[in-house]
Amino acid sequence: MVASLLAARGVGEFAVVETLPAIVVVVFAAVTHLADPWLLFALLAGVYWFGDDRLAAAPRRAGATAIALVAAGYAAVAVGKALTAVPRPPGATGTVTPPAWLPSVLDGWYQTQLVSTGFGFPSGHATGAAVAYGALAILCTAVWTPRRRYAAAILVALAVAASRVVIEVHYLVDVVAGLLLGAVVLAGGLTLAGDSRLHGRSPTVPTDRLTPTPVFVLAAVVSVVAAVVAGANGHTDEVVEAAIGVGTGVGGAVGWQFASGAEPPVPLHLAGPGLLLTGGTWVGAYVLADGVVLTTLVTAVAVAGVLSLPAVATRVVAATDARSSSHP
């Protein structure tokens, strides 16, 4: 019943979009990158690895919690898409002609941005933007003022949501649902991680009380539900996508067990090799995303590496210092 209603969910938004100048479409095609999954996880991993007291009182806990929240957000999207299984707008799968004035070197990028496969409800980009930038605004308590942080997060989330409609890969209802879903995941996930501000019990909950493990576990469990629903309906690609969510949740929960949450930022000379190992493994999970078990394991290893690196780096630095002091 719900799927049949959502199948015809347009409200005339593309009639408006078609009147926009081509330059506006190109700009929004670039804006949509702000919520690409790879960029969000790279951004949050950077906050987790390199954040200091200029971001939050406990940047490792804040960063890990933000990663867990985004993982939970994508897991919720996977369930929504598996349950509804409704197509994207016709324009998302049609032929795209780049503007004549666009440099030919950007033609491929433009066509890739305006063509998208998979199910359309809710919007993963809108959900991811709401969760990721909302989490940064809430958790990075040492940056700007709360009003400025929240305003910036809302602006970015709305811009990303609008971009998905402007480039015609989502209906308006898809992005509205994505923003609302992101807000729910953000509120529920923060509460699960130990932040009581949303309940009014403490106006200034320090980030050193946050525990991301329950949120990672939630992401894994919800992803399993998405995989079961998608598998029952014969949606093979969505099962593999859900497997990535399972691996992210499990890997995050396991990796966090090696951390105390009080580690210093990762030194740059150790971040490089760490990035090559974890990033390469993570990319491999997507490239090899043709089997559920392998995809889950590879993703789990990559995310566990991301979460455990600050603790590993701290031990490596301590061991190096000890050797140096014993051999003057």
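As shown above, the structure is provided for reference.
Quick summary incoming for the structure in this document. The model shown is predicted, which means the values in this text are computed figures rather than measured ones.

Cut-offs used in this document
- Numbering of residues starts from 1 in every chain and runs along the sequence as written.
- Owing to the predicted nature of the model, reporting of local features is limited to residues with pLDDT of at least 70; listing and counting of side-chain atom pairs is limited to 80 or more, with chain, interface and lining totals taken over all residues.
- To obtain the side-chain values, all non-hydrogen atoms of the structure were used and water was disregarded.
- The secondary structure listing takes helices from DSSP runs of H or I that are at least 4 residues long and strands from runs of E that are at least 2 residues long, numbered from the N terminus.
- Computation of the radius of gyration draws on C-alpha atoms, with the globule rule given as 2.2 Å multiplied by the number of residues to the power 0.38.
- Three exposure classes are used, based on accessible area relative to the maximum for each residue type with a 1.4 Å probe and protein chains only: buried under 20%, partly exposed in between, and exposed over 50%.
- We call two residues in contact whenever any of their non-hydrogen atoms come within 4.5 Å of each other.
- Under the convention used here, a 1.4 Å probe and the Shrake-Rupley method define accessible areas, while residue burial counts only the protein chains that appear.
- Here an angle of 0 to 180 degrees is reported between the N-to-C directions of two axes, which are lines fitted to C-alpha atoms, with helices fitted over the stretch in contact.
- Each angle is binned into one of four classes, with values under 35 degrees roughly parallel, values over 145 roughly antiparallel, values of 65 to 115 roughly perpendicular, and all other values oblique.
- Nonpolar residues are Ala, Val, Leu, Ile, Met, Phe, Trp, Tyr, Cys and Pro. Charged residues are Asp, Glu, Lys and Arg, and all others, Gly as well, are polar.
- The criterion for an aromatic pair is that two Phe, Tyr or Trp rings (for Trp, the six-membered ring) have centres within 6.5 Å, with stacked assigned to planes under 30 degrees apart, edge-to-face to planes over 60 apart and tilted to the rest.
- Only lysine NZ and arginine CZ atoms are considered, and such an atom sits over a ring when it is within 6 Å of the ring centre and within 35 degrees of the ring normal.
- Handedness of each helix crossing follows the sense of rotation of the near helix against the far helix: counterclockwise by less than a right angle gives left-handed, clockwise gives right-handed.
- Here the expected span of a helix is defined as 1.5 Å times the quantity of residues minus one.
- N or O atoms within 3.5 Å of each other form a polar contact, as long as, within protein, one can give a hydrogen and the other can take it, and as long as residues adjacent in sequence are counted only when both atoms are side-chain atoms.
- Whenever Lys or Arg places a side-chain nitrogen within 4 Å of a carboxyl oxygen from Asp or Glu, that contact is recorded as a salt bridge.

With respect to the overall build of the protein chain
Consideration 1: The helix and strand tally for the protein chain stands at 13 helices and 0 strands.
Consideration 2: Ordered by position from the N terminus, the helices and strands of the protein chain form the series α-α-α-α-α-α-α-α-α-α-α-α-α.
Consideration 3: Relative to its length of 328 residues, the protein chain is compact, with a C-alpha radius of gyration of 21 Å against a globular reference of 20 Å.
Consideration 4: Dimensions of the protein chain along its principal axes, counting C-alpha atoms only, are 70 × 45 × 45 Å.
Consideration 5: Here the protein chain holds 328 residues, and 50% of them are scored as buried.
Consideration 6: Partitioning the intrachain contacts of the protein chain with sequence separation of at least 6 by distance along the chain shows that 79% fall at a separation of at least 24.
Consideration 7: Put simply, the protein chain shows about 15100 Å² of open surface, and 71% of that area lies on carbon and sulfur atoms.

Some words on the packing of helix 9 (residues 172–193) against helix 10 (residues 213–232)
Consideration 1: At their nearest, the axes of helix 9 and helix 10 sit 7 Å apart, and the two run at 130 degrees to each other. Here helix 9 is positioned oblique relative to helix 10, judged by the angle of their axes. Residues Gly-189, Leu-192 and Ala-193 of helix 9 touch helix 10, and the partners they reach there are Pro-214, Val-215 and Leu-218.
Consideration 2: For the contact of helix 9 with helix 10, the per-class residue count stands at 5 nonpolar, 1 polar and no charged.

Side note on the packing of aromatic side chains
Consideration 1: Taken as a whole and judged by the stated rule, the model has 5 aromatic pairs.
Consideration 2: Summarising the aromatic geometry, the rings of Phe-41 and Tyr-74 are spaced 6.0 Å apart at their centres and angled 40 degrees between planes, so their arrangement reads as tilted. Taken together, the residues Phe-41 in helix 4 (residues 37–50) and Tyr-74 in helix 5 (residues 59–84) connect sequence positions 33 residues apart. Neither residue differs from the other here; Phe-41 and Tyr-74 are each classed as buried.
Consideration 3: Just above the ring of Trp-144 sits the side chain of Arg-148; from NZ or CZ to the centre is 4.9 Å.
Consideration 4: Positioned above the aromatic ring of Tyr-150 is the side chain of Arg-149, whose terminal nitrogen or guanidinium carbon lies 5.8 Å from the ring centre.

Focus: the packing of helix 8 (residues 146–166) against helix 9
Consideration 1: Their axes nearest at 8 Å, the elements helix 8 and helix 9 cross at an angle of 155 degrees. As the angle between them shows, helix 8 and helix 9 are arranged roughly antiparallel. Handedness of the crossing formed by helix 8 with helix 9: right-handed. On the side of helix 8, the interface is formed by Ala-157, Leu-158, Ala-161, Arg-164 and Val-165, while helix 9 contributes Leu-172, Val-175 and Leu-179.
Consideration 2: Looking at side-chain class alone, the contact of helix 8 with helix 9 contains 7 nonpolar, no polar and 1 charged residues.

Description of helix 10
Consideration 1: Helix length check: helix 10 (20 residues) gives 29 Å between terminal C-alpha atoms against 28 Å at 1.5 Å per residue, within 8%.
Consideration 2: Taken together, the buried positions of helix 10 are occupied by Thr-213, Val-215, Phe-216, Ala-219, Ala-220, Ser-223, Ala-226, Ala-227, Val-229 and Ala-230.

Notes on helix 8
Consideration 1: The end-to-end C-alpha distance of helix 8 is 30 Å, a good match for the 30 Å that 21 residues give at a rise of 1.5 Å each.
Consideration 2: Taken residue by residue, helix 8 has Arg-149, Ala-153, Ala-157, Val-160, Ala-161, Ser-163, Arg-164, Val-165 and Val-166 as its buried positions.
Consideration 3: Directly after helix 8, the chain includes Glu-168, whose backbone phi takes a positive value near 65 degrees.

So, the side chain of Arg-9
Consideration 1: By the element assignment, Arg-9 lies in the loop between helix 1 (2–7) and helix 2 (13–17).
Consideration 2: Judged by its relative accessible area of 7%, Arg-9 falls in the buried class.
Consideration 3: Side-chain polar atoms of Arg-9 contact the backbone oxygen of Pro-87, separated by 2.8 Å.
Consideration 4: Within the structure, Arg-9 has its side chain in polar contact with the side chain of Asp-174 (distance 2.6 Å).

Quick look at unusual backbone geometry
Consideration 1: Backbone torsion omega between Phe-121 and Pro-122 reads -5 degrees, so that peptide bond is classified as cis.
Consideration 2: Tracing the chain through its elements places Pro-122 in the loop between helix 6 (107–113) and helix 7 (124–139).
Consideration 3: The phi dihedral of Trp-144 is positive, around 55 degrees, even though this residue is not glycine.
Consideration 4: Residue placement: Trp-144 occurs in the loop between helix 7 and helix 8.
Consideration 5: According to the relative accessible area criterion, Trp-144 is exposed, its value standing at 52%.

A look at the pattern of salt bridges
Consideration 1: Counted according to the given criterion, the structure contains 2 salt bridges.
Consideration 2: Between Asp-174 and Arg-9 there is a salt bridge whose closest N-O contact spans 2.6 Å. On the criterion of sequence distance, the pair formed by Asp-174 in helix 9 and Arg-9 in the loop between helix 1 and helix 2 is long-range, its members being 165 residues apart.
Consideration 3: When its relative accessible area of 0% is taken as the criterion, Asp-174 is described as buried.
Consideration 4: For Arg-54, the salt bridge identified is with Asp-52, shortest N-O distance 2.6 Å.

As for the environment of Phe-41
Consideration 1: By relative accessible area, which is 9% here, Phe-41 ends up buried.
Consideration 2: Along the chain, Phe-41 and Ile-67 lie 26 residues apart, while their C-alpha atoms are 6.8 Å from each other.

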